[in-house]
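Chain residues, written in single-letter form:
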Amino acid sequence: MLLSGNHQHESMILLAIRFHIQSVSKQLCREEIERQMCPASSSRWCPTPEQLMILEKMYRNGVRTPNASQIQHITAYLSFYGKIEGKNVFYWFQYHKTRD
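The model shown is predicted, which means the values in this text are computed figures rather than measured ones.

Inspection of the secondary structure puts glutamine 51 in helix α2 (residues 49-60). A distance of 3.1 Å separates the side chain of glutamine 51 from the backbone oxygen of leucine 78, its partner in a polar contact. In this structure, glutamine 51 is in contact with Trp45, Cys46, Leu78, Tyr81, Gly82, Lys83 and Ile84, ignoring residues within four places of it in sequence.

Here is the structure:
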């Protein structure tokens, strides 16, 4: 059975609302997990899953000891996914190389 134009439009709106609610729910859940893992009072860097995934991928692709300019670029890119400083990037690569 085909939906009339009005019913199709309403279905599309409901689908969009459902998708938006799911994405907001996922974001709130992620933020709650991050708060539990790294309280706001913590002075430690708490990388987001996206930041870790990107750093791991860079490491696997051969980035081992990024220079100051590379660290700036990596930090700027990763800041889109959460709070981060250049020293976090520097130490992540240093510690990762040591553990490897």
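The interhelical angle for the contact between α2 and helix α4 (residues 86-99), taken along N-to-C directions, is 60°, at an axis separation of 11 Å. Comparing their axes, α4 and α2 come out oblique. When the axes of α2 and α4 are compared, the crossing they make is right-handed. Taking contact as the criterion, the partners of Leu52, Leu55, Glu56, Met58 and Tyr59 in α2 are, on α4, Trp92, Phe93, His96 and Lys97. Here the contact of α2 with α4 is built from residues that sort into six nonpolar, one polar and two charged.

Rules behind the numbers
- Residues numbered from 1 in each chain as written.
- Predicted model: local features only at pLDDT ≥ 70, side-chain atom pairs only at ≥ 80, totals over all residues.
- Heavy atoms only, no water.
- Helix = DSSP H or I, 4+ residues; strand = E, 2+ residues; numbered from the N terminus.
- Polar contact = N/O pair within 3.5 Å; in protein donor to acceptor, adjacent residues only side chain to side chain.
- Contact = heavy atoms within 4.5 Å.
- Axes fitted to C-alpha atoms, helices over the stretch in contact; angles between N-to-C directions.
- Parallel < 35°, antiparallel > 145°, perpendicular 65-115°, else oblique.
- Left-handed = near helix turned anticlockwise from the far one by under 90°.
- Nonpolar A, V, L, I, M, F, W, Y, C, P; charged D, E, K, R; others polar.

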